[in-house]
Each structure stands twice: as structure tokens, then as C-alpha cells.
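# Observations on the model geometry
Here is what each chain is made of, one letter per residue.
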Amino acid sequence: MKQLPPDTVRLLSSSQVITSVVNVVKELIENSLDAGASSIDVKLENFGLDRVEVRDNGQGIKAVDTPVMAVRHFTSKICRHEDLEHLETYGFRGEALGSICAVAEVAVTTKTEEDEISTQYTLDLTGKIVSQKPSHLGQGTTVSVMKLFKNLPVRRQCFSSTKKCKEELKKVQDLLMAYAIIKPELRLMLVHNKVVLWQKAKVADNRSALLATLGPSAIANLIPCHHHQEQPEILLEGFFPKPGADYSSTSTSNPDKTFIFVNNRPVQHKEIMKLLRQHYAAQYADDQARNRYPTLMLKISVPPSSVDVNLTPDKTQVLLHNKETALTAVEALLVSLYGFRPNADLPADKHLSSESFPSPSSPLQAYSERNAENSHSNDSVPRDGPKQSSADTSLDRQASNSDLESNFSLYNDEMSQTVTKPASKSPERLVDNKMSAATISKVQISAEDWSRGTALTDPVSGEPLQPVIIHRPTKQNHSVPDEAKSESSSSKKTLNAITEKRAALTAYDMISNRTMRAPLSPVAIFEKEARAEVLREKPTASLQDISVAIHERWKNLREEDRKKYEEKAKKHLEHHEQRTKLASAEGPREPGVRSHMQGQKRKAPLSNQQLLDELFAAQPQKKMKNPAPKPSQPLPCSVAALRLQLQRLSSQSSAAPQGLRLVNRLASQSAWVILCGQRLMLLNPFRVEEALLFKRLLENNILPTASLQNPIQLTDGSLGGAEYTEALCSMEKQSPELNGAAFFSDPRLVANGFKVKLTPGVTSAERHLEVTAMADCVPFLGVEDLREILTAVLHKKARTVRECRPLKVTNYLQGEAVRLARQLPTNLSREDVKETLLRMEQQLGGANHTCIHGRPFLQHLTDIPITEQEVKALLRPLEL
């Protein structure tokens, strides 16, 4: 036996982790989510075989971690095996980037919040850094995977057919849809060959995410469901099809719209999927519904210690430690929604034969039958069986109550359930041979009993169950004997609730009363102050999150800080007592005129016009008689002096009509008011800086080049003709090497990112031209852009670098100018704006003063008046 080489071991193990394009996208997306990204772009070329790029705006990779970021088994998620019991991230093995590097070419561009610029790292097969260079990308990480499965030709051959490639692209889109649903705050976009196939914006909740992902027609038939179990802790949430809805609109023939999540991780669980399909299909008599998959979302939340995600390399299958309990909880949720179905296969520990129970038409009927069984269990015990104790009865009653709570945890306003009359059938008894238990008898509910309210009975007293019982406290009056009370109550006349109404409390009674705020407790005062701090730290927190955070802060508060809040509460209480004493000393505003009418009945409302006049008419008249003086402060202002100063400025600027003078800055808009001759205009200095930066980049920027592994041969056909080749050969060159070859040094080629080599020959046919290096910062730069440069030189007689810029390079430089302009400080000083205006006049001259987006630098506000007539026209009063 021989030990395999490390390269072979690495390739074999990586080919098990990375088996398709979907695996690459899944691993990179999960890394982005673990980095806290809120926006992810996935770009594919040739179905991902040529290029897969995943770009996010997460935290980025620190510079100290970049040497080992793609080395196998290096991770920042966990430190030891015990951390898996508290796992909160998607990744934890440290194999994703290392495995991708073994089967493809990988480049990583990253930038953290502390870094000034981003850096692009090129990785080798082992995940080590080969080269690095600065990049223009913003904060976050961009992973580019090129030539996937380049060293596994058989696996790459599997994607040779168009059908297989389209299936892989569909799987990538389904994967993005799953993450879009479970992460509503995430923005996602899928691009294939520069065409946007699918995208989703940020939304508020899971329902909005389903609406954006599946469409309104699918969401119209879904209802939210919820189930919570404490021991063991299991939380079920999701959206399920409405009972009885058309299966053609709530299900599909494949499982791509059945989303199952365990701790926010999309998984594939056969047993849960089987339960979902069985209970969904059991409500339809058509056999076609049994072969379909329901459109739903099920989110299962369990403690991280009770789930094992380290089963398969792609982590799409999980092992639940309390699997039977989880399946029982899922089944309870489905039974509460769709009802009990005897033909549905139950879990192994809960399996019952179909002859044990009838098929109820609703969860309410199922619960009533279980209730009836408990109530008659004492009468139907066989003679040879043991009697059921009172403790067992109470336990059964508690179990039935817990079943009722789990069955009715849905939104009842979304469902409508009907009660059907079952077929008459003699009651049957079921005796378990292994255990001697109480006999369960079948009790059928008729429509007549249901309408009378006698269908459900109390298992203890045997009386019909009352849905709501309102207990009213009786007034204790020891001075009146019970007999007198009974006589007075019997002699009291019964009121007709429709024709006779008692005098109710009106708005006028409330006006005459005084309301005072109750004194605040120390906890209330602390909550009032801490709520603002919690919202400032986390603006998107829910009410429950805020309450929990405030409770934790109060619990961790120091003793001296608590005493401060207790002193504040004491002052509040003293102030409240003073106000109470003052109010009691003054007495009520209107003595018991209205209170006397409270206990009387009246058939017609009295006229309240006089009271309305006194309340709402008299008070404003008093206010108009004695109007309160308005606060005012005189300000020195002279229109004549202002006009004189503006005329002086305009006369000074008349000598230089093109000059611009700063007046002042608008703080709210970061814009400046300037004077241009007789016109007041608004200046946006950032647009000027964009134009100046773009002009400087067009004239002076030299794009960095990267050497090509395979140089590109240049011929007359690729360049567009012999005249283009001659124009290229006539450009400036460096001194030739020993073999006679020379590189072009013409700035029109070098500045645009082309390094061209000329090998001379005896004749022009033997002459050899090739591109050895090219700029990689401009996407899709190629020979056609070199032909565009030669066209400008040949036909437009372009002599400068600015005149020879290709369209792709121009667009790239525009983006760079915008990026640099956005890094300028928001509030520019007066000296900086003056310098900007000076450079604008010197460099841009009389050209069209617009930014690179076509928007003007200056916006006209108004003209300064010169004559008295113009002043009067501007200052004329408004005609109302």
C-alpha cells in the first residue's frame, strides 16, 4: 500500500464537497450571510461553468485572516467541537473555499470597514495567496470562481447538454428563493450572461417575502400557522394552504415550492415531507392530489444542541435528536388545520389502526369525541378490567386540554369549518391485548344536539359545556337583609333593552370631571428612559425585543442606580398626592346635576344647545376680547441697504462678467448661493468635482495591466483590415530587445490597458503582433476595444489619450469619478468651494457646465432688480 499524494487527497475530498454549480453558490451565499450581508448578487457565465461570482456587502475579511482564508479547516465560526451545540452560523467546517480552489480558479476581493481600499487576492490550488493588488470595489467580499471542474473533465462533461445546464440554473434559482423567504431583510439578484433572471428587494416579514417570491396568486390561498411546545422546546411557524382550497392553485407536481427550514436552514427531510403531503392530500377525494406537493413554508426552531447538521457535505439534511417529538408536533399542527385523517400514516410510536376512531369532519368534532370518550369511560369499563382512578381521569382531562390548545393555535378568522351529521352506526369498543385500559366508545354528534348546545358535555358533571361564563361580583350591603333584597328585586320592573334605555355617560359628564395621571413606579420611570436608548441602538426591534431588553437592563442595574429611580418615583408620588388634595379641596366643577340623571331612565334626549353654546361659543369670545400679546423681536432690516449692497456687488462683477461670487451656503442641501452678474444661482459643488475628476481621469489615468497566460494574436482580420494593422505598427515603440521584438509605448495604447508586442519579419506577412497583457479592472475588455482605439486614430485623427478612450474604459472612469467624489466631505468650506470654482473656470472653460450625468452645475434662482419698478414688482403684496 502507498500513501496518496497531498494533491490527490485534496482533489478527491474536494470533489465530494463541490459536486455542482449549486454547491458553489450555496457555500458562497452562506459565507455572505454569516458575514452579516444584507445584499447579495450572484452572476453566472455559461451556466456557471466559466464564471461564478458572488458579491456581498458584509463585514469583509480582515487583513490578518487573508493568508488562511481559503486553507482547509481554518474557520472563524467555531473553535472546538463543543461549539456545535451552540451553532448559529451556516458554515462551520472551513472547507468551502479550500474545496472550490481545488477544482477551479478563485479570486477573492474584500474590504472591511477599517480598510481604506479593497484588495483582490488570487489563490492557487491549495488556497494560498499567489498575488494581490488593489481594487475599486466597496465594503464586502466578492468571490470569483473561474473554469469550474477544469481538472475533472468527466464531471465537466456531465454539463455538456443544454438540458442539464438549464436544470442546474433552475436549482440555483430555487436555492436563492429559499434564502429570500427565510431572510426577508435580504436583497438578492441572479444574473446569467449579463441578463437579470430573478431578483428580490428587501421586505418586512416572511409573508411579504413569499409574496415577492411566489407571487400574489400563490399567497392568496395561504394562511399563517403557529405551534409552540415547551418540553422539549419546539416552535413551528409557517404558511399553509387553506383547507378545501383548489389543489391546482395550492400545490405543484414537484417539490420546488415546498420550503422546509430547520433553524433558518433550508433542508430536505423525507419524513416531514411525507407528513405534509399525506395530510394535505387526504382532504381531496381526487387521486391526482396525492401525487402533488403543497405550496407552503414550514419553519422549525429547536435548540442548536438538539440538531446535527454535519451529516452530508452540502448540509441539506439534518438529524433531529427528538425526531419523533418533532414529527408529532408537526402532525398536531396539520391535524388542527386539516383535521384527523384515518388513512394518513402516523409516526411509529403514535400509529393507530383506522378502525380505532371515526373520521371527524373538523378538529372541533375530533376534540368533542375525545371529550365524550373521557366522560363515558367510567361506565364502559369491562367487568374484568380495572377501574380508572380519579388521578387518571384528571390526567386524561389535562391531556385533552393540551390537545385543544395545540389544535386551536391557528388564526380562526382564516378558516371556516362545518359540522356534518355522521352516518348512524352502533358504538364499538376497542380493547388492547397488551394493556388493560379503559374502553373507548364512539359518540356521534347530531345536528340537532349541536344546534341546541348539548353536544359537548362536562366529563365530571355531565352538563352541557358553556363557551363563555361571565362572573359578575355582587355588591355587599350588610344593612339590607336577604329577604328584603329578594322582594325588591322581584318588584323591580324588567326593562326593554330596545325601547327603553338608561341614561349613559356622555361627553358632557366627562368634561366636568378631572383626570390625573397615576404616579409612576421606579420600573416605569426606568422603562420610559431605557426605551429610547434601545430604539436608538436597534431601530428595527419589535415590541417584544424592546421589553426583553429593558427587563434585562433593569435586572442588571446597580443598586445605587436603582435608588435614584426609587427617589424619582417618590417625588412623583408626592406630586400626585398634592394634586389629589388640591382637586378634592376645589370639589367638582358641576355639582351633581348630571349625577342625579345617571340613575334615571329617560325616553327622549334633552336639548344640550345651551350647554354647547356655553362650552364652545362663550370661551372663544372671551379670548377675542382679551387677546394675549404675541412675542416679537425687532430685527434691523433695510431693503434699500440690501439693494445698494447687491448693486455694489453687481457693479464689481460687471468688470468680469464671467466671475462667480459666493454669497452663502444652504446647510440643509450642502449647496451654495452664488452671484453671477445680475442673477442669483444655486451651485452644487459635488457635480463640479465629478466633472473635474472625470476630465483628469480621461487625460491622465493609466489602467494597470495583468499578464495573459495565453497571448492574443492580432491579425488583419481581428483588427478590421490591413490599414488598422499599419496604423498600429506606426505607433511609438520602445527600444527593441535582442531578438528584435519591441513593445509599444504609445500612451494611447498603454493608458487604455493594452500591452502589445511586435516581432518584426522580413515582409509584412511575416510580422507578428500579439497582446501580452491587458487591464482586468474593466469588465470584458478585448480586441474590439483595441480596434476602437485604432478607429479613432485612423479616422478621427486622434492625438491625445482622451480622444482615444474606448466606450468601456470611459464608462469605467465615470464610475471611478463618482466613487471618488462621494468620498469628499459633506460640508465644504468657503475656501474649498472658491478653489473648485477657480478650477472649473480654468479647466472646463466655456464648455457645457454639466456633470457626467448631464445635470447642470448651476440652477437659476432669481434676477436682482435694478430699477425701482422691478423692486416694486417683486415686493407687491399678495392678492388674496
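Note: the structure precedes this text.
Here's a quick rundown of the structure.

Reading guide: rules and limits
Residues numbered from 1 in each chain as written. Predicted model: local features only at pLDDT ≥ 70, side-chain atom pairs only at ≥ 80, totals over all residues. Heavy atoms only, no water. Helix = DSSP H or I, 4+ residues; strand = E, 2+ residues; numbered from the N terminus. Buried < 20%, exposed > 50% of the residue type's maximum accessible area, 1.4 Å probe, protein only. Contact = heavy atoms within 4.5 Å. Areas by Shrake-Rupley, 256 points an atom, 1.4 Å probe, with all protein chains shown as cover. Salt bridge = Lys/Arg side-chain N within 4 Å of Asp/Glu carboxyl O. Expected span 1.5 Å × (residues − 1). Arc of directions from axis to C-beta. Pairing = 2+ DSSP bridges. Axes fitted to C-alpha atoms, helices over the stretch in contact; angles between N-to-C directions. Parallel < 35°, antiparallel > 145°, perpendicular 65-115°, else oblique. Left-handed = near helix turned anticlockwise from the far one by under 90°. Nonpolar A, V, L, I, M, F, W, Y, C, P; charged D, E, K, R; others polar. Core = buried A, V, L, I, M, F, W, Y, C linked by side-chain atoms within 4.5 Å. Phe/Tyr/Trp six-rings, centres within 6.5 Å; stacked < 30°, edge-to-face > 60°. Lys NZ or Arg CZ within 6 Å of the ring centre and 35° of its normal.

## Section: the overall build of the protein
Within the protein one finds 30 helices and 25 strands. Looking at the protein residue by residue over its 880 residues, the buried ones come to 37%. Across the protein, every contact between residues at least 6 apart in sequence was considered, and the portion connecting residues at least 24 apart equals 65%. Roughly 54300 Å² of accessible area belongs to the protein as shown, and the carbon and sulfur atoms make up 53% of that amount.

## Considerations on the pattern of salt bridges
Where charged atoms from two side chains of opposite charge come close, those side chains can pair. Evaluation of the coordinates by the stated rule reveals 25 salt bridges. Here E271 ties to K323 by a salt bridge, and the two come within 3.2 Å at their closest N and O atoms. Of this pair, E271 sits in helix 9 (residues 270–281) while K323 sits in helix 10 (residues 323–338); the two residues are 52 residues apart in sequence, bridging distant segments of the chain. Judged by relative accessible area, which is 34%, E271 ranks as partly exposed. For K695, the salt bridge goes to E699, with nearest N and O atoms at 2.8 Å. Here K695 pairs with E699, and both are found in helix 23 (residues 685–700), just 4 residues apart, close to one helical turn. K695 sits in the buried class, given a relative accessible area of 14%. In this structure E699 comes out as partly exposed when scored by relative accessible area, which is 33%. A cluster of three or more residues bridged by salt bridges with shared partners is formed by R51, E53 and R55.

## Considering helix 29 (residues 830–844)
Given a rise of 1.5 Å per residue, 15 residues ought to cover 21 Å, and the 20 Å separating the end C-alpha atoms of helix 29 matches this to within 8%. When helix 29 is considered as a whole, its buried residues turn out to be V833, T836, L837, M840 and L844. For helix 29, the angular spread of the buried residues around the axis is 100 degrees, confining them to a single face. For helix 29, the exposed residues set more than 90 degrees away from the buried face come down to E831 and Q842. Looking at the buried positions of helix 29, the neighbouring elements they touch are strand 18 (661–666), strand 19 (671–676), strand 20 (679–683) and helix 23.

## Some words on helix 6 (residues 206–214)
Taken as a whole, helix 6 has its buried residues at A209, L210, T213 and L214. Down the axis of helix 6, the smallest arc covering the buried residues is 105 degrees, so these residues share one side. Close packing links the buried residues of helix 6 with helix 5 (162–182), strand 8 (195–200), helix 7 (216–219), strand 10 (234–241), strand 12 (258–262) and strand 15 (296–301). Among the residues trailing helix 6, G215 stands out with phi positive, at a value near 100 degrees.

## Quick notes on the sheet that holds strand 10
Sheet architecture is open: 5 strands sit in the order 9-10-15-12-13, paired in mixed fashion. Each end of this open sheet is capped by a strand with a single partner; those strands are strand 9 (222–229) and strand 13 (265–266). Taken strand by strand, helix 5 contacts strand 12, strand 13 and strand 15, and its axis lies near 60 degrees from that of strand 12.

## Quick notes on the packing of helix 23 against helix 29
Any two packed helices are characterised by the angle at which their axes cross and by the distance between the axes. As a packed pair, helix 23 and helix 29 sit with axes 10 Å apart at the nearest point and diverge in direction by 45 degrees. Judged on the interaxial angle alone, helix 29 and helix 23 are oblique. The crossing of helix 23 and helix 29 is left-handed. Facing helix 23, whose interface residues are P685, V688, E689, A691, L692 and K695, helix 29 presents T836, R839, M840, Q843 and L844. Tallied by class, the residues present in the contact of helix 23 with helix 29 amount to 6 nonpolar, 2 polar and 3 charged.

## Concerning the pairing of strand 1 (residues 39–45)
Extensive coverage of strand 1 is indicated by the burial of 5 of its 7 residues. Where strand 1 lies against strand 2 (residues 51–56), 6 bridges are found, and the strand directions are antiparallel. Bridged to I40 within strand 2 is D56. In this structure, the hairpin formed by strand 1 and strand 2 is closed by a connection of 5 residues, where N46 is found at a positive phi of approximately 55 degrees.

## Things to note about the nonpolar core
Judged by nonpolar contacts, the single largest core of 58 residues is most densely connected at V25, I40, V42 and V145. In terms of residues, this core owes the most to one element, helix 5, which gives 11 residues. Apart from the residues lying within four places of it in its own chain, the contact partners of V25 are V42, L44, V52, V172 and L175. If you look at the next biggest cluster of nonpolar residues, it comprises 38 residues, including F754, A775, L781 and A798.

## Concerning the pairing of strand 23 (residues 754–759)
Bridge analysis of strand 22 (residues 742–743) against strand 23 gives 2 bridges, and the strand direction is antiparallel. If you follow A742 over to strand 23, its bridge partner there is L758. Two elements, strand 23 and strand 24 (residues 768–775), share 6 bridges in a ladder whose sense is antiparallel. Bridging across to strand 24, K755 finds its partner in A773.

## Considering the packing of aromatic side chains
What the rule picks out here adds up to 7 aromatic pairs. Here the aromatic rings of Y247 and Y284 are separated by 5.6 Å at their centres, their planes lie at 70 degrees, and the arrangement is edge-to-face. Placement of Y247 in helix 8 (residues 247–250) and of Y284 in the loop between helix 9 and strand 14 (293–294) is noted, with a sequence separation of 37 residues between them. Just as Y247 is buried, Y284 falls in that class too. Geometrically, the ring pair formed by F526 and W554 is tilted, given 5.3 Å between the ring centres and 50 degrees between the ring planes. Of this pair, F526 sits in helix 16 (residues 522–537) while W554 is found in helix 17 (residues 543–555), placing the two residues 28 residues apart along the sequence. The exposure classification of F526 matches that of W554, with both residues buried. Following the ring pairs from residue to residue traces out a cluster consisting of Y247, Y280 and Y284. Residue placement shows R562 over the ring face of W554; its charged tip is 4.7 Å from the ring centre.

## Overview of the sheet that holds strand 21 (residues 705–714)
Pairing between the strands of a sheet is mediated by backbone hydrogen bonds and can be parallel or antiparallel. If you trace the 4 strands from one edge of the open sheet to the other, you get 21-24-23-22, paired in antiparallel fashion. Since the sheet does not close on itself, it has two edges, and those belong to strand 21 and strand 22, each with one partner.

## Points about the packing of helix 23 against helix 28 (residues 807–822)
Taken N-terminus to C-terminus, the directions of helix 23 and helix 28 make an angle of 135 degrees; their axes are 9 Å apart at the nearest point. In this view, helix 23 runs oblique relative to helix 28, as classed from their interaxial angle. In the crossing of helix 23 with helix 28, the sense of the turn from one axis to the other is right-handed. On helix 28, the residues that touch F686, E690, L693, F694, L697 and L698 of helix 23 are T810, L813, Q814, E816, A817, V818, L820 and A821. In terms of residue class, the contact of helix 23 with helix 28 is built from 10 nonpolar, 2 polar and 2 charged.

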